[in-house]
Amino acid sequence: MIKKLKNKYIFFDLDGTLSEYRFNNHVSGKNDWGGQTFEELFFGNVFIDNRPLKTMVDLIRNLDPNKVYVLGAITTNHEIDEKYEWLQKYYPFIKRENIIFVADATLKLVALEEYTKKLGIQKEDVVFVDDKHSTIRKTEEAGFTSYHVTSFME
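Okay, so let's go over this structure. As the structure is a computational prediction, the values presented were derived from the model and not from experiment.

**So, the packing of aromatic side chains**
Argument step 1. Counting across every chain of the model gives 9 aromatic pairs.
Argument step 2. With a centroid separation of 5.7 Å and 40 degrees between ring planes, the pair formed by tryptophan 86 and tyrosine 91 is classed as tilted.
Argument step 3. On the basis of relative accessibility, which here comes to 0%, the residue tryptophan 86 falls in the buried class.
Argument step 4. Sitting above the plane of the phenylalanine 47 ring, lysine 83 keeps its charged end 5.1 Å from the centroid.
Argument step 5. The lysine or arginine in question, arginine 96, covers the ring of tyrosine 84, its NZ or CZ lying 3.5 Å from the ring centre.

**So, a nonpolar patch on the surface**
Argument step 1. Together, Phe38, Phe42 and Phe43 make up a nonpolar patch on the protein surface, roughly 350 Å² of accessible area in all.
Argument step 2. The topology assignment puts phenylalanine 38 in helix α2 (residues 38-43).

**A few points about the sheet that holds strand β4 (residues 126-130)**
Argument step 1. The parallel open sheet is built from 5 strands, whose spatial order is β3-β2-β1-β4-β5. Each edge of the sheet is formed by a strand with only one pairing partner; in this case those strands are β3 (99-102) and β5 (145-148). Here the strands of the sheet are splayed against their neighbours by 20 degrees on average, with no regard to which way each runs.
Argument step 2. In the sheet, β4 pairs with β5 via 4 bridges, with the strands oriented parallel. The residue bridging aspartate 130 from the neighbouring strand is histidine 148, located in β5.

The rules behind the values
Residues numbered from 1 in each chain as written. Predicted model: local features only at pLDDT ≥ 70, side-chain atom pairs only at ≥ 80, totals over all residues. Heavy atoms only, no water. Phe/Tyr/Trp six-rings, centres within 6.5 Å; stacked < 30°, edge-to-face > 60°. Buried < 20%, exposed > 50% of the residue type's maximum accessible area, 1.4 Å probe, protein only. Lys NZ or Arg CZ within 6 Å of the ring centre and 35° of its normal. Patch = residues over 30% accessible without salt bridge, like charges linked within 9 Å, V, L, I, M, F, W, Y side chains within 5 Å. Areas by Shrake-Rupley, 256 points an atom, 1.4 Å probe, with all protein chains shown as cover. Salt bridge = Lys/Arg side-chain N within 4 Å of Asp/Glu carboxyl O. Helix = DSSP H or I, 4+ residues; strand = E, 2+ residues; numbered from the N terminus. Pairing = 2+ DSSP bridges. Axes fitted to C-alpha atoms, helices over the stretch in contact; angles between N-to-C directions.

Keep in mind these numbers describe shape, not what the thing actually does.
Below, the structure is given as structure tokens:
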């Protein structure tokens, strides 16, 4: 896969792509928001203890840090703070200015399109990696090369 990513700008999702998909050792938010409860999102340590995916750490460590981006979705400012701290701990080679958070996964396509314009690159220069099938489909239909995280698992 490293050969397919060479000379590309790669945008990685965070939850379930760079980290395991669990929140405080559960996946259900009991009818709140995704895998988290609102109490956790506002006040708890919902993300900070998540396990990084070793395959992804090793992969990203071998990529051009100027072309590696995180494109994650968030709900609260507390969650953003935790995710920045977590990324610094497990992916310190990702530049902070290359970490992008959007309010909802449906905005990831918009973010990719805007960053493509800002960076002055073509869609063919971009690779998007996520764990959510609907997001992968939309980005690929829009002309971006998109992979499910399992494409990187050995």
